[in-house]
Amino acid sequence: MSHSSDDALLPLEAVRPATSAKDTKGAPVPAPEDPVARVAVDSPLPHLDRLFDYLIPASLHETAQPGVRVRVRFAGKLVDGFLLERVAASEHEGKLTPLERVVSPEQVLTPEIAGLARAVADRYAGTLTDVLRLAVPPRHAKAEAEGLKEAEVSKGTGVPQVAGVSKARISKEAGVPKEAGVPKEAGVPQVAGVPEKAGVRKEAEVRKEAGLPDRPEPATPQATTPHAVTPGSATPESAVPGSATPGSATPGSATPASATPGSAVSGEATRESATPGSATPESAVPGATTPGSAVLGEATRESATPGSATPGSGVPGSGVPGSGVPGSGVPGSAIPKAVGQVGEGKAAGASQAEGSALERVVSSGAGSSEVGSTQAASPEPSRKPAGGKAGRVGEVAAEASAWDAYPAGASFLGALRDGRAPRAVWSALPGAKGWAGAVAEAVRATLDGGRGAVVVVPDGKDVALADAAFARLLGPGRHVALTADLGPAERYRRWLKVLRGQVRAVVGTRAAMFAPVTGLGLVAIWDDGDDLHAERLAPYPHAREVLGLRAHRAGAGMLIGGYARTAEATQLVAGGWARPIVAARTTIRSLAPRVHPAGEDAELAKDQAARQARLPSIAWRALRHGLESGPVLVQVPRRGYLPSLACQHCRTPARCALPPTKTAVREPQAEVPLAEPAPLCHGPLALRGGHAAPYCRWCGRVDADWRCASCGSPRLRAVVTGARRTAEELGRAFPSVPVRTSGRDGVLATVPGTRALVVSTPGAEPVADGGYAAAVLLDGWALLGRADLRAGEETVRRWMNAAALLRPAAELVVLGDAALPAVQALLRWDPVTHAERELGDRAELGFPPAVRMATLTGVASAVRQMLDEVRLPADAQVLGPVPVDEAGQERAMIRVRRAGGAALAAALKGASGVRAARKTPDVVRVSVDPLDLI
């Protein structure tokens, strides 16, 4: 077929078949702006760990905002997810599936937490959804609705804008039409610099009624917006820092004058995303820097250059300086900055009547007192700022700061108040004052700088101590405590207060490390060596590492505190990422207890039976003398009554001789097999009480007819004595003294300072009022003899945590050989030297934290198959696999240099994704830098 001219050719639109009405019938109308949503779908499969594009219908345009929970159709099923980003177009060429619905307009996932979750997933070879499951608590609709009602205005038609809640939702809940919006003046009291509106009293009128002079308007604060991390963006792993040598900057100064790599402030972090080669918590290498007099690990908001120490100057945090209440979630809050303050344009003798009159202005506004930040409802507690000046009008004398005992303490608090980001490893002093007050002062200094703080502690007992200290120093309503014991409703309610900016100080257990604090300025972790800081769920992150990543990404300060010091914290100090805060030796000696090892030669000469006795004579003397003046602490490493038994005649461990509780049913066979011995449980036997029969700790059944398989004797002896048996024996030895126990059955937070015996397991020691008069640490061999890489470090940590509760110069008896390094560290109260020696030994042997190590645990065939398929870095070393139990499980260890940690995690995650895509039935557990290596 030919055409005479080009005019005969028809346009393509003319020959294209017309679109049928059937094709467009029921098709969703896209949103007018940014109609594509990037969603993190809740799927545990590693090969699906990426964002998926969905179409946003016009009906969900206002509610489908970044950070909300959504329901989407994925693989034919309705699943949950988080909307992380809205874009104008999608790279997908096909048709996009629309969002099913928005579960809640509450923007529960902030950009900072989304970026942190991605970094944690990459660090631990996990998936984003697994980390988000740890970071964002499950939704509680009733608590969420109660939070909205509290934010609503009881009078008028306006609703205040709450951080994390879209305007559309507030308008909908409050019954305000979209056109009306949210009136600016609704419920907000009139302050200087704000024009007068209907129904709101002018501050000048109230000042005139109270007889107060007019004051000028405060300067408009300049807020610094933190770096928004794009969800799903690549976050570089740790890299070896360059040869950053601390300069000569004086403590407390902003930054050194020059920013060359040789003179930059050591350990600086950046507000922007880290570049390869920048110093991160994981990248510190011993010997990388030379300790100097630089500011404690200051961070800046300037960009980091590869291999440098991120030159720049400290900039105040992203909070709003000059807000009415330091640490409040609302910039320029209702209480003016000048209320009751000294030295900022006010005379030193300003009367208290002015502050109370202005507070009446706030409380008599046209709205509810719950509008905005909850801190605005209560006046700020008295404090003593840096420099020793009174911080409140009418304050006569302020109590001494707990940080005065440390040479670098004042510089650390000053850096937090100035909005800088110091990073420090703090060796706390022993004594009855405790650690909670010092942490509360650091949090208060951070709030004074207009920023927020997150404090993570091991357990609920420590949360209770910190909560009481925070309430005393910060005042009511300025912080929240997050623990699992609160229940889902109350925990979600408190978490929402943090999300909405009503509270900017959080203390809690390891789940609090992801608390969405606005304008983060400080992250702190207490007793980072406690194994409770390690998450039990995939990808098994450690709170110390997560907080270090968060401080580095957000440009916040970090405080790692404890009576002892871990090898990981020592690594950060040795690499220059953090600075030590240690008291002078004279101060330590004046507060430390007097330690007496039970194995000293002089004591053995007096009492030859002390070698075999569980409580030698020196321990009995310490108990008697201590009970004359107060409570006495007895630490027992094992809980229970008699957790381990053996034959009294031949010392063979007592094992259960009963058959298993249940066995699999075998199929009938044609041939009769040879007689096989009946399988037995073989679990360890224990006793629950003095008059109870032995029971199996595996199957739970009582074996009253037990006889030794070696010699046939029916008699048993105790191998390890538990805390309850110890309390029973001490109760018989001291019949007139009350005996209290603290352990698994019930943990005591505090005990009175009266005469009593307190028997506790490690980590459950209650705090005595005024401190303990004496203490005895039993069964030191049980702690030091464990087959664990961290046995010595863990023993020192447990002993020092108990010894720190004693009064100054109180008597402490430890049942251990005086020549052991752990006992020597306790004698001298020198955890730093012990930690440095421990780090050196691990570096020589090739163990974390000197290297990065990952373990693969699973069925033998699956582990070996994964080792054959994974593409490891060039310098990776594979150890094993070796059997770990009798069920056929094996474990292999992979070791690389610290600089290769990111490549190792990426390789293991890719191998897990390949196995998941193939739907391999046997699961291999991947754990990066686990605590239980041996």
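Residues numbered from 1 in each chain as written. Predicted model: local features only at pLDDT ≥ 70, side-chain atom pairs only at ≥ 80, totals over all residues. Heavy atoms only, no water.

## Let's talk about the sheet that holds strand 7 (residues 452-456)
- Strand order in the open sheet formed by seven strands is 8-9-7-10-11-6-12, and the pairing between neighbours is parallel. A single partner strand is all that each edge strand has here, and the edge strands are strand 8 (480-482) and strand 12 (579-581). Strand after strand, the sheet turns through a mean of 20 degrees between neighbouring axes, direction not considered.
- By the bridge criterion, five bridges tie strand 7 to strand 10 (residues 520-526) in an arrangement that is parallel. In the sheet register, Gly452 faces strand 10, and the bridge partner there is Leu520.
- Packing of helix 11 (residues 460-474) onto the sheet brings it into contact with strand 7, strand 8 and strand 9 (505-508), and relative to strand 9 it is tilted by some 160 degrees.
- Across the face of the sheet, helix 12 (residues 488-499) comes into contact with strand 8 and strand 9 while running at roughly 130 degrees to strand 8. (Pairing = 2+ DSSP bridges. Helix = DSSP H or I, 4+ residues; strand = E, 2+ residues; numbered from the N terminus. Axes fitted to C-alpha atoms, helices over the stretch in contact; angles between N-to-C directions. Contact = heavy atoms within 4.5 Å.)

## Digging into the pairing of strand 23 (residues 772-777)
- When you tally the buried positions in strand 23, you get six out of six residues, the bulk of the element.
- Examined bridge by bridge, strand 14 (residues 632-635) and strand 23 share four bridges and lie parallel to one another. Looking across to strand 23, one finds that Gln635 is bridged to Leu777.
- One ladder, built from five bridges, connects strand 23 with strand 24 (residues 806-814); its direction is parallel. The residue bridging Val776 from the neighbouring strand is Val813, located in strand 24. (Buried < 20%, exposed > 50% of the residue type's maximum accessible area, 1.4 Å probe, protein only.)

## Focus on the environment of Ala723
- By the element assignment, Ala723 lies in helix 18 (residues 723-733).
- Excluding residues that lie within four positions of it along the chain, Ala723 makes contacts with Val636, Arg638, Arg639, Gly640, Val759 and Thr761.

## Considerations on the UniProt feature "binding site: Zn(2+) 2" (unreviewed entry) in the chain
- Under the UniProt annotation, the feature "binding site: Zn(2+) 2" (unreviewed entry) is placed at Cys656, Cys696 and Cys699. Judged by maximum C-alpha separation, these annotated positions cover 44 residues in sequence but sit close together in space, the widest gap being only 8.7 Å.
- For Cys656, a relative accessible area of 1% puts it in the buried group.
- Setting aside residues up to four positions removed in sequence, Cys656 forms contacts with Cys681, His682, Gly683, Leu685, Cys696, Cys699 and Asp703.
- Checked against the element boundaries, Cys699 lands in the loop between strand 17 (695-696) and strand 18 (716-720). (UniProt positions renumbered as here; feature names shortened; annotations may be inferred.)

## Examining the pairing of strand 3 (residues 69-74)
- Pairing of strand 3 with strand 4 (residues 77-87) involves six bridges; the strand directions are antiparallel. Along strand 4, the bridge assignment pairs Arg71 with Asp80.
- In textbook terms, the turn of a hairpin is the stretch between consecutive antiparallel strands, and for strand 3 and strand 4 this stretch comprises two residues, one of which, Ala75, has a positive phi near 55 degrees.
- For strand 3 and strand 5 (residues 101-104), the ladder comprises three bridges, and the chain directions are antiparallel. Residue pairing in the sheet places Arg69 in a bridge with Ser104 of strand 5.

## With respect to the packing of aromatic side chains
- Evaluated as defined, the whole model comprises ten aromatic pairs.
- Their ring planes at 35 degrees and their centres at 5.5 Å tell us that Trp403 and Phe412 sit as a pair that is tilted.
- Judged by centre distance (4.8 Å) and plane angle (40 degrees), the rings of Trp403 and Trp426 are tilted. Here Trp403 is found in the loop between helix 8 (352-363) and helix 9 (409-417), whereas its partner Trp426 is found in strand 6 (residues 423-427), with 23 residues between them in sequence. By the burial criterion, Trp403 is buried, and Trp426 matches it.
- Here a set of aromatic residues connected by ring pairs shows up, and it is made of Trp403, Tyr406, Phe412, Trp426, Trp435, Trp526 and Tyr563.
- Sitting above the plane of the Tyr695 ring, Arg688 keeps its charged end 3.7 Å from the centroid.
- We note Arg925 situated over the ring of Tyr540; from NZ or CZ to the ring centre the distance is 4.2 Å. (Phe/Tyr/Trp six-rings, centres within 6.5 Å; stacked < 30°, edge-to-face > 60°. Lys NZ or Arg CZ within 6 Å of the ring centre and 35° of its normal.)

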